[in-house]
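Inside the fold
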Amino acid sequence: MGGRKMDMSSTSLYIIVFTLIFHLVVAKSPDSTLYRPKRSYDVRHRSKENSPDNALKHANDRPGIFATDNSTVILAQIGGTATLPCVVRKFNTGVISWIRKDDHRLLTVGLTTYSSDGRLLVEHVRHLQNWGLLIKHVQPSDAGIYECQISTHPPTSIFVILKVTESPDSTLYRPKRSYDVRHRSKENSPDNALKHANDRPGIFATDNSTVILAQIGGTATLPCVVRKFNTGVISWIRKDDHRLLTVGLTTYSSDGRLLVEHVRHLQNWGLLIKHVQPSDAGIYECQISTHPPTSIFVILKVTEAVAEILGAPDLHIRAGSTLRLVCSLKHSTEPPSYVFWYHERHMINYDAGVLVLDDRSSSVLLLHETDKSHNGNYTCSPSNAVPASINVHVLNATAEEKPAAMQHANTSTSSSTCIVFNFSVPVSLTVLVLQSAWER
């Protein structure tokens, strides 16, 4: 009996030990493929894939949204009809548009044909969620890359390539000579887009390549004033990523910071960007849906406003004098809503004996009858700029040496006093000069 009990005890012990070892091994060996962090190679590989050169290849990186393959090639004959497919599987919110990538021309928005070219329309099959672009009477100039874009944030899109073949009667549609092609391609290159955007004089009152400065957190207004505006619709497109922002008075982008500021009697169709971010900097296109489209470009540059206190980082003043600190704003495009002054960590704008004078670009702090309690750090903190600080040192007028950084307002003294504080002069000579001045 004792032997059987010993065998059973040993078997139970083995089972317990084996179970513990099994759990420890499982706990320390998860399926690392499910949660493996990306290596630096993966990051570099992704950045290479997302480069502009690979835009066509990786436009449909969000699986399941489009049923149409990215970079689908469509062949059409001159004079025939081309149908560019765009079948969407998952479509809950947003609007679908077609954009010609070669010249960034907006063609359609939803079921509305935006371009004035009457050959274009959207062929929508609702139960198939197909938003195809139909091009009638195809011309050689129609060949190129077309973008089917959903107005998500950021936008999601695929590209369809249209290739045009010649009709049997090639004399009616003679292809352009190599010189003409090279000449046209040079004129339409991205480098010349800003220069030649406003080749039709008199349409826009706003100059092409107008530069607008806006500070981080502020509001930017990009102007687009039109002189001659009879037909067509005005839209704003961000040139860097070809993102459609507005159509007429409707904000197409899902970014709630954007809207059209329209002044009817001035024919201004300005683009308003609230709470400006550094990523907003770039080139924006104001386009009229003529055929071909007419547009100008507006360049937005984003700055960071900073505060600066004159005399920083250290300022020395005499006890009993007036402390005057001037805080100016640098790189600011709009005045702050307020400017708070701090002594150490205490806000002092409304303290007794403190006077704050503000204007659009500066703020002045005044403290009368200063003493040792006014020593310390002072900070100027505007509502829309990086704050600035200065260290103030209040010195006794008789017991301490006058430093080089003494506030200018307190440096005007008599000649005899200057001699007393010139320690390079011998003491005997100083006494004689003082005695002579006293006798007079």
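Up top you'll find the structure we're talking about.
Described below are features of the structure shown in this document. (Residues numbered from 1 in each chain as written. Predicted model: local features only at pLDDT ≥ 70, side-chain atom pairs only at ≥ 80, totals over all residues. Heavy atoms only, no water.)

1. Considering the state of the cysteines
The line we're drawing: Note on disulfides: each one is a pair of cysteine sulfur atoms within 2.5 Å. Elements are defined by DSSP. Helices are runs of H or I of four residues or more, strands are runs of E of two residues or more, and each kind is numbered from the N terminus. Only protein chains enter the accessibility calculation, which uses a 1.4 Å probe; a residue whose area is less than 20% of its type maximum is buried, one above 50% is exposed, and one in between is partly exposed.
This model, assessed by the stated rule, comprises three disulfides. Here C86 is linked by a disulfide to C148, with a sulfur-sulfur distance of 1.9 Å. Residues C86 and C148 share a disulfide whose torsion about the S-S bond is about -75°; that sign makes it left-handed. Highlighted residues: C86 in the loop between β2 (82–84) and β3 (96–100) and C148 in strand β8 (residues 144–150), separated in sequence by 62 residues. For C86, a relative accessible area of 0% translates into the label buried. Between the sulfur atoms of C224 and its disulfide mate C286 the distance is 1.9 Å. Taking the sign of the torsion about the S-S bond as the criterion, the disulfide between C224 and C286, at about -75°, is left-handed. Residue C224 is located in the loop between β11 (220–222) and β12 (234–238), and its partner C286 is located in strand β17 (residues 282–288); the two are separated by 62 residues in the primary sequence. Classification of C286 by relative accessible area gives buried; the value is 0%. Along the protein, the cysteines that take part in disulfide bonds pair up as 1-2, 3-4, 5-6, counted in sequence order.

2. Considerations on the environment of I74
What counts here: Residue contacts are defined here by distance: any two heavy atoms, one from each residue, within 4.5 Å place the two residues in contact.
Along the polypeptide, I74 turns up in strand β1 (residues 72–77). C-alpha of I74 to C-alpha of I161: the two residues are 87 residues apart in sequence and 6.1 Å apart in space. With near-sequence residues (within four places) excluded, I74 lies in contact with T83, L84, P85, V160, I161, L162 and K163.

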